[in-house]
Amino acid sequence: MLDRFDQRILGGFRVVDHLTGATVRRGVRITAPGLKIAQTGSGIWAVLEATGMRAYARAFDPVLAQTPQDFPIEVHDDTRRFDPISVSISLPRDADSDAIDGRVDTPVDFILPSAPGRAAQAGWSMVTVEVLTPLGAPVRGALVIILDQGSENERGWALTGQRGQAVVPLTGLAHIQDAPPPPEDDEEEDEAAQIPTVTAETVLDVRVAVDPAQPWPANPATLRAGGGNLKTAASANPITLKAGGEAHLGFTLSLS
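A. Representation of the overall build of the chain within the structure. Within the chain, the secondary structure is distributed over 2 helices and 17 strands. Considering only residue pairs separated by 6 or more positions, the chain has 65% of its internal contacts joining residues 24 or more positions apart. Here the chain displays about 14400 Å² of accessible surface, and carbon together with sulfur accounts for 49% of that area.

Put into structure tokens, the structure is as follows:
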């Protein structure tokens, strides 16, 4: 992103597929009150204007001082591959050529989670999680995180949609593993014998968090940050999943 001759670029952002890391260019619809944005050929959205920053955007020598402000943004996918998210961007980004963090020429990544309707690819493992209230009403906008059992190693995440359902695609699960060793005996081991392998099973934990007061669409960063308003739950027992397999889990979560 380069500055125009007559106007300073205030910043930019990129919409990213949470699973592949690729830029999502097709089907994206942005709602950004107070901002004028334009998509570049590389898929980055440049912020050209922002409420209260017109003088700053047009000043080059000297550059005027400008207090950063947070602007809300909603990202929607009209192809329904991804669930919508609510995010924010702090503007203006740092235009100093020596800046390391928050540079104006480095876009902010907004990561889109997969929607239940996204077509699965060969080799993906799928975890379907349904979150309901005690009365059976769907809980939308809940953050669902899949982790390796007993650790903070995150395997995948998604948000529940209008029906209270999240489908979390997982990649990279092991296909095979070494079989457990046989019981020891007094016979001499055959050094040439190969260690047998079996189909691998990955053991996973599931966590859920939702803010009852948060409007739709949800803000994943807010849910990850935690806080007293969040309602949370965790799987009572881990789930076991093979590469390319499926698992289903339900949660009942009171929002009051």
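B. Looking closely at the confidence of the model for the chain. Averaged over the chain, the pLDDT score is 89; the fraction of residues at 70 or greater is 89%. Scored below 50 in pLDDT, residues 1-5 makes 15 contacts in the model with residues more than four places away or belonging to other chains.

C. Main features of the packing of aromatic side chains. Scanning the entire structure with this criterion turns up 2 aromatic pairs. Summarising the aromatic geometry, the rings of phenylalanine 13 and tryptophan 45 are spaced 6.3 Å apart at their centres and angled 10 degrees between planes, so their arrangement reads as stacked. Remark: tryptophan 45 occurs in strand E4 (residues 45-50) and phenylalanine 13 occurs in strand E1 (residues 11-17); sequence separation between them is 32 residues. A relative accessible area of 13% means that tryptophan 45 is categorised as buried. For the ring pair phenylalanine 13 and phenylalanine 110, a centre distance of 5.2 Å and an interplane angle of 35 degrees mean the geometry is tilted. Here phenylalanine 110 lies in strand E7 (residues 108-112) and phenylalanine 13 lies in strand E1, a separation of 97 residues in the sequence.

D. Layout of the pattern of salt bridges. Under the counting rule described, the total for this entry stands at 8 salt bridges. Between arginine 14 and aspartate 109 there is a salt bridge; the shortest N-O distance is 3.0 Å. Linking arginine 14 in strand E1 with aspartate 109 in strand E7, this pair joins segments that are 95 residues apart in sequence. For aspartate 109, a relative accessible area of 38% puts it in the partly exposed group. Here arginine 29 ties to aspartate 78 by a salt bridge, and the two come within 3.0 Å at their closest N and O atoms. One end of the pair, arginine 29, is in strand E2 (residues 28-31); the other, aspartate 78, is in the loop between strand E5 (69-77) and strand E6 (85-91), and 49 residues separate them in sequence. Classification of aspartate 78 as partly exposed rests on a relative accessible area of 48%.

E. Just the sheet that holds strand E11 (residues 165-170), in detail. Reading across the sheet, the 3 strands line up as E11-E8-E17 and stay open at both edges, with mixed pairing between neighbours. At either margin of the open sheet sits one strand with a lone partner, and together these are E11 and strand E17 (246-252). Taken over all neighbouring pairs, the strand axes of this sheet differ in orientation by 20 degrees on average, direction set aside. The pairing of strand E8 (residues 125-132) with E17 spans 7 bridges and is parallel.

F. Layout of the nonpolar core. With 33 residues, the main nonpolar core has Phe13, Val15, Ile30, Leu35, Ile73, Val75 and Leu91 as its most contacted residues. Element by element, the count of residues in this core is highest for E6, at 4 residues. Residues contacting valine 15, with those up to four places away along its chain left out, are Ala22, Thr23, Val24, Val28, Ile30, Trp45, Val75, Phe110 and Leu112.

G. How the structure looks around the pairing of E5. Note that E2 and E5 share 4 bridges and pair antiparallel. Along E5, the bridge assignment pairs threonine 31 with glutamate 74. Relative to E6, E5 runs antiparallel, the two sharing 7 bridges. Residue pairing in the sheet places valine 75 in a bridge with isoleucine 85 of E6.

Thresholds applied
- Sequence order as written defines the numbering, with residues in each chain counted from 1.
- Owing to the predicted nature of the model, reporting of local features is limited to residues with pLDDT of at least 70; listing and counting of side-chain atom pairs is limited to 80 or more, with chain, interface and lining totals taken over all residues.
- Think of the side-chain values as coming from all heavy atoms in the structure, minus any hydrogens and water.
- Under the scheme used here, helices are H or I runs from DSSP no shorter than 4 residues and strands are E runs no shorter than 2 residues, and both carry numbers assigned from the N terminus.
- Whether two residues are in contact is decided by their heavy atoms: any pair within 4.5 Å suffices.
- In these tables, accessible area is a Shrake-Rupley quantity obtained with a 1.4 Å probe, and a residue counts as shielded only by the protein chains included in the view.
- Residue-level confidence of the predictor is what pLDDT reports, using numbers from 0 through 100.
- Side-chain rings of Phe, Tyr and Trp, where Trp is taken by its six-membered ring, are said to pair if the distance between their centres is within 6.5 Å; with planes under 30 degrees apart they count as stacked, over 60 as edge-to-face, and otherwise as tilted.
- Using a 1.4 Å probe on the protein chains alone, a residue whose accessible area is under 20% of its type maximum counts as buried, one over 50% counts as exposed, and one in between counts as partly exposed.
- Note on definitions: salt bridges are taken to be side-chain nitrogens of Lys or Arg within 4 Å of carboxyl oxygens of Asp or Glu.
- Here, any two strands with at least 2 DSSP bridges between them count as paired.
- Axis definition: a line fitted to C-alpha atoms, limited for helices to the stretch in contact. Angles are taken between N-to-C directions and run from 0 to 180 degrees.
- Residues enter a nonpolar core if they are buried and are Ala, Val, Leu, Ile, Met, Phe, Trp, Tyr or Cys, with the set joined through side-chain atoms within 4.5 Å.

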